[in-house]
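# Geometric and topological summary
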Amino acid sequence: MKLRISNRRLARSVGGDIFIFMIIFAMAAFMALPLVYTISQALKPLNEIFLFPPQFFPRHPTLDNFSDLFLLMAQSWVPITRYLFNSLVIVILGTAGNVLLGSLCAYALAKHDFPGKGIINSAILLSLMFAGAVLLIPHYLTMAYLNWIDSLASIIVPAWGATLGVFLMRNFIDHMVHDSLLEASRIDGASEFKIWWTVVMPIVKPAWLTLTILSFQSLWGDAGGQSTLFIYREELKPLPYALSQIIGGGVGRAGVAAAVTVILMAVPITVFIINQSQIVQTMGTSGITGE
Amino acid sequence: MSYELSSNKGSLRTVRTAGRMRQIWSQIRANAISYLFVAPFLLVFSVFVVLPILLSVILSFTYFNMVQPPSWVGFQNYLTLFLEDEVFLIAVKNTFLFAAITGPLSYVMCFVFAWLINELHPKLRTILTLLFYAPSISANAYLIWTVMFSGDAYGYVNGLLLYWGVLDKPVLWLQDPTWMMGIVILVVLWMSLGVSFLTFIAGLQGIDLMYYEAGAIDGVGNRWQELWFITLPLMKNHLMFGAIISITNSFAAAGQLQALTGNTPTDWATWTIMQHLNDYGYVRYEMGYASAMAVLLFLTMVGVQRLAQRLLAKIG
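Here is what the cut-offs are and how they apply
Residues numbered from 1 in each chain as written. Chains lettered and ligands numbered in written order. Predicted model: local features only at pLDDT ≥ 70, side-chain atom pairs only at ≥ 80, totals over all residues. Helix = DSSP H or I, 4+ residues; strand = E, 2+ residues; numbered from the N terminus. Buried ≥ 20, exposed ≤ 12 C-beta atoms within 10 Å, placed from the backbone. Contact = placed C-beta atoms within 7 Å. Domains from an automatic or database assignment. Axes fitted to C-alpha atoms, helices over the stretch in contact; angles between N-to-C directions. Left-handed = near helix turned anticlockwise from the far one by under 90°. Nonpolar A, V, L, I, M, F, W, Y, C, P; charged D, E, K, R; others polar. Expected span 1.5 Å × (residues − 1). Parallel < 35°, antiparallel > 145°, perpendicular 65-115°, else oblique.

### Examining the overall build of chain A
Counting its regular elements, chain A contains 14 helices and zero strands. If you list the helices and strands of chain A from N to C, you get α-α-α-α-α-α-α-α-α-α-α-α-α-α. Split into buried and exposed, the 291 residues of chain A put 39% on the buried side. Sequence separation of 24 or more characterises 78% of the internal contacts of chain A that already satisfy a separation of 6 or more.

Encoded structure:
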């Protein structure tokens, strides 16, 4: 029996669809406004940025701000590629570790029964609600003790212990992976590690794709500000830090600053688009159909 | 005699503890594979999350200026907060007001928009997700609002309203207590489609379509019934997750508020607990006092989370 007609579900009225579309697009326009503004600002020559009354779109669009930025970057005594390299190392290693360690732990928490599980679960839940700001000093002491001050490890390794990831992965594994599927794999003689990698992880792909974005973005944007606290050597600083130094030059650099904002946003947006388009609705593939 | 008795007790206890230890050890061995799965994360988690949290709870009972070693003061920090620190009490009031509005609203927005765009074609969905999520993608996109609401005639909002003749002189949007809180709430809501929004989308995409087909057979007639009887119950885990994110974001808000209304907002109109905490921790270097605020904030959030959990249990 075929109940679904093309991609539309039953129980939908055309009027409701139109109403919903209108809300979505009005909202999307409002949300996109500042994004468009940021880009348009970066394309304005300096004299237009301070024009009164303010103009939303540039009259004489130019790429001068970007070429000025590249000129300034070329003058920096640590090559800009070095900052970029640091950022990539932080983002890639930090995100990979966060997703892997988080998923491993989440699988055991969601599908195994063992003493201590309850305590771990509540510790994870509670730690989400403690203000991270006061933890910077204890963090600093730990880093000094481990001798990790002035090393990228001081940013990468703590990212692996980020609680959000484990919590998110546990919810998804708990909810999307059927126990009967795990039982069947165990009867087939698969090891727990193999089950985790070949059965669980493919099913919860939407979850780890989402976690990848969240982790990527927070590390890329240097959300915790660790790069200023734990890293003092200029050649180990990440890209956002270097760019913020460039735009610290005052009003005269307003155009360059707008270009910096666009560049810093472009990277996560690109990753985001590639990533989100991989998330597609499960159609009876998540485990057992016809159950 | 009494000596004998006590030594007897002691040996009994050692036998018992030895038995316990053996029992625990055999349990650990029986569940070795589970512990192997959780161990790498737990190690990092303990060192970089649990340990610092425990340290700051201890610090909250001390005076610690980050130069001299901490000295024990008992509950003094907590007493000072409630009895002597007037600005803290203002911050508490502001935080609750701010959280009461932005928390539930941002939560509902995250779910409603995730739900609305869920059924669209994947390409269109990706673009809309990006647009909705865009404000939180760049860490400081909200600074655009400081230009929009700038208090002089160069601010976009003032510029337009002057141009249209609605105003005859510029309004100090971010310095006038009448407007400050409202604008801050607007901006925070604007950028609230973040972590929970993405999680809800992934969660909705993860719901097996067969549940809806089964629902249709069982007589689910329209999309509201579908939402209430099928989607929401299946999303319970994710709804709890989203609630926690909303609670932490709204109670611990500081950065956006400070960027918009400055380090010393007029009449403390947008001053929150988290800003007060940062001020004492990293400007005045009173880490013990700041930690006491963190502990109080934590207890508040745990309380609200328990409440949210009870409310969510009623779904479906």
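Picking up after the structure, the text goes on.
### Points about the overall build of chain B
The number of helices and strands found in chain B is 15 helices and two strands. Its C-alpha atoms put chain B at 100 × 65 × 30 Å along the principal axes. Relative to its 316 residues, chain B shows a buried fraction of 43%. Of all intrachain contacts in chain B linking residues separated by at least 6 positions in sequence, the fraction that spans at least 24 positions is 68%.

### Points about the domain arrangement of chain A
All names here are of chain A. As assigned here, chain A comprises domain 1 (14-72) and domain 2 (75-276). Using only C-alpha atoms to locate each centre, domain 1 and domain 2 end up separated by 30 Å. Across the contact, 13 residues belong to domain 1 and eleven residues belong to domain 2. Only α1 (14-42), α2 (46-49) and α3 (64-75) provide two or more residues apiece to the side of domain 1 that touches domain 2.

### Re the packing of helix α4 (residues 86-117) of chain B against helix α12 (residues 236-251) of chain B
All names here are of chain B. Where α4 meets α12, the axes come as close as 8 Å, and the angle between the chain directions of the two elements is 145°. Considering only the axes of α4 and α12, their crossing is right-handed. On the side of α4, the interface is formed by Thr95, Phe98, Ala99, Thr102, Gly103, Ser106, Tyr107, Cys110 and Phe111, while α12 contributes Gly242, Ala243, Ser246, Ile247, Ser250 and Phe251. For the contact of α4 with α12, the class distribution of residues is eight nonpolar, seven polar and no charged.

### A few points about unusual backbone geometry
Trans peptide bonds make up most of the peptide bonds, and negative phi angles are found at most residues other than glycine. All names here are of chain B. For methionine 66, which is not a glycine, the phi torsion comes out positive at approximately 70°. Examined against the element boundaries, methionine 66 turns out to sit in the loop between β1 (62-63) and β2 (71-72). For tryptophan 268, which is not a glycine, the phi torsion comes out positive at approximately 55°. Mapped onto the secondary structure, tryptophan 268 falls in the loop between α13 (255-261) and α14 (273-282).

### Remarks on the interface of chain A and chain B
Each partner contributes to the interface: chain A provides 86 residues, whereas chain B provides 81 residues. Of all elements in the fold, only α1, α4 (80-111), α5 (117-127), α6 (136-146), α7 (153-160), α8 (163-176), α11 (205-220) and α14 (254-276) of chain A reach the threshold of two or more residues within the side of chain A that touches chain B. Counting residues per element, the side of chain A that touches chain B draws most heavily on α1 of chain A, at twelve residues. When the residues that make up the side of chain A that touches chain B are grouped by side-chain class, the tally is 59 nonpolar, 22 polar and five charged.

### Examining the domain arrangement of chain B
Split by domain assignment, chain B resolves into domain 1 (1-49) and domain 2 (62-312). Between the C-alpha centres of domain 1 of chain B and domain 2 of chain B the distance comes to 43 Å.

### Quick look at α8 of chain A
Helix length check: α8 of chain A (14 residues) gives 20 Å between terminal C-alpha atoms against 20 Å at 1.5 Å per residue, within 8%. With respect to burial, α8 of chain A is a largely interior element, 13 of its 14 residues being buried.

### Observations concerning the environment of glutamine 175 of chain B
Residue and element names in this part refer to chain B. Assignment of secondary structure puts glutamine 175 in the loop between α7 (156-163) and α8 (177-190). In this structure the C-alpha to C-alpha distance between glutamine 175 and aspartate 267, which are 92 residues apart in sequence, comes to 9.4 Å. Those residues in contact with glutamine 175, other than ones at most four positions away along the chain, are Gly151 and Thr266.

### Quick notes on the packing of α1 of chain A against α4 of chain B
Between α1 of chain A and α4 of chain B, the least distance of the axes is 10 Å, while the angle of their chain directions is 120°. One finds that α1 of chain A runs oblique with respect to α4 of chain B. By crossing handedness, the relation of α1 of chain A to α4 of chain B is classed as left-handed. Touching Ile20, Ile23, Ile24 and Met27 of chain A of α1 of chain A are Phe113, Leu116 and Ile117 of chain B, all from α4 of chain B.

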